[in-house]
Amino acid sequence: MSHPVRDARRRIQEEHAAIVDAIDRCADQVAAPWDTSRTTDSERVVRSLRAGLESSGALERLPIVLADAVAAAGAELPAPPVSAPPYVVVTSRGPVLRATIGAGRLVIRFDVFDVVRDPGPAYRRRNGVKIEVSLE
């Protein structure tokens with residue numbers, strides 16, 4: 001693992017725990033009405049998660065997390081990020097933040113749902129939030 005990746009992850013964990021907690025709560029709200037422990041409706045997962053992130057104010061704060069993670073990685077963004085593609089995307093696994101920096105593309109994933117492939121794609125709520133940071 002490179003130091004920029006480690007530094008970005010550490011900054012998120014130490015300085016943005018409240019946003020990570022908000023993402024976790026939103027995912028709990030998405031999964032609460034499911035009849036079973038999983039759902040096959042990815043569009044519903046994305047739509048519900050996005051709505052929860054918007055109503056909690058977490059979605060508008062994610063660009064701040066991205067800018068701070070980029071700074072922790074020792075880089076700068078050419079422009080302020082916004083809470084829309086290409087910087088912030090809500091997927092069926094959770095929010096994804098992306099920024100192109102000098103060393104490549106910094107990608108931060110907040111995985112709150114796992115994809116279960118057997119018998120077909122289904123989405124299951126993870127226990128908590130898994131933060132994945134990579135430089136591609």
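Read on for an overview of the structure. Along each chain, numbering runs from 1 in the same order as the chain's sequence is written. Side-chain atom pairs in this predicted model are given and counted only at pLDDT of 80 or more, local residue features only at pLDDT of at least 70, and totals for whole chains, interfaces and linings cover all residues. The side-chain numbers reported here are obtained from all heavy atoms of the structure, hydrogens and water having been left aside.

### What about the sheet that holds strand β2 (residues 88-90)?
The condition that has to hold: DSSP-based pairing: two strands are paired if at least 2 bridges between them are found. Strands here are runs of E lasting at least two residues and helices are runs of H or I lasting at least four, both read from the DSSP assignment and numbered beginning at the N terminus. Whether two residues are in contact is decided by their heavy atoms: any pair within 4.5 Å suffices. For every element, the axis is a line fit to its C-alpha atoms; helices are fit only across the contacting stretch, and the angle between N-to-C directions ranges from 0 to 180 degrees.
Pairing in this open sheet of five strands is antiparallel, and the strands run β1-β5-β4-β3-β2 from one edge to the other. In the strand order of this sheet, the two ends are held by β1 (38-39) and β2, each with one partner. For strand β3 (residues 95-101) and strand β4 (residues 104-116), the ladder comprises six bridges, and the chain directions are antiparallel. Residue L97 lies in a different strand from β4, and its bridge partner there is I108. The sheet strands contacting helix α2 (residues 17-31) are β3, β4 and β5 (122-135), and the helix crosses β5 at an angle near 155°. Relative to β3, helix α4 (residues 58-72) is tilted by about 40°, and along the sheet it contacts β2, β3 and β4.

### Thoughts on the packing of α2 against α4
For any two helices packed against each other, the geometry comes down to the angle between their axes and how far apart the axes lie. Note the cut-off: If an angle is under 35 degrees, it is roughly parallel; if it is over 145, roughly antiparallel; if it lies from 65 to 115, roughly perpendicular; otherwise it is oblique. For a crossing to be left-handed, the near helix must be turned anticlockwise from the far one by less than a right angle; the clockwise case is right-handed. The classification used treats Ala, Val, Leu, Ile, Met, Phe, Trp, Tyr, Cys and Pro as nonpolar, Asp, Glu, Lys and Arg as charged, and all other residues, Gly among them, as polar.
Look at α2 against α4: their axes get within 10 Å of each other, and the N-to-C directions meet at 140°. With respect to α4, the element α2 is oriented oblique. Between α2 and α4 lies a crossing whose hand is left-handed. Contact with α2, carried on its side by A18, I19, A22 and I23, involves A58, R61, L62 and V65 of α4 and no other residues of that element. Taken together, the residues of the contact of α2 with α4 sort by class into seven nonpolar, no polar and one charged.

### Concerning the packing of α2 against helix α3 (residues 42-56)
Interhelical geometry of α2 versus α3 gives an angle of 135° and a closest axis separation of 9 Å. Here α2 is positioned oblique relative to α3, judged by the angle of their axes. The way α2 lies across α3 gives a crossing that is right-handed. Between α2, through I23, C26, A27 and V30, and α3, the contact on the second element is made entirely by V45, S48, L49, G52, L53 and S56. Grouping the amino acids of the contact of α2 with α3 by side-chain chemistry returns seven nonpolar, three polar and no charged.

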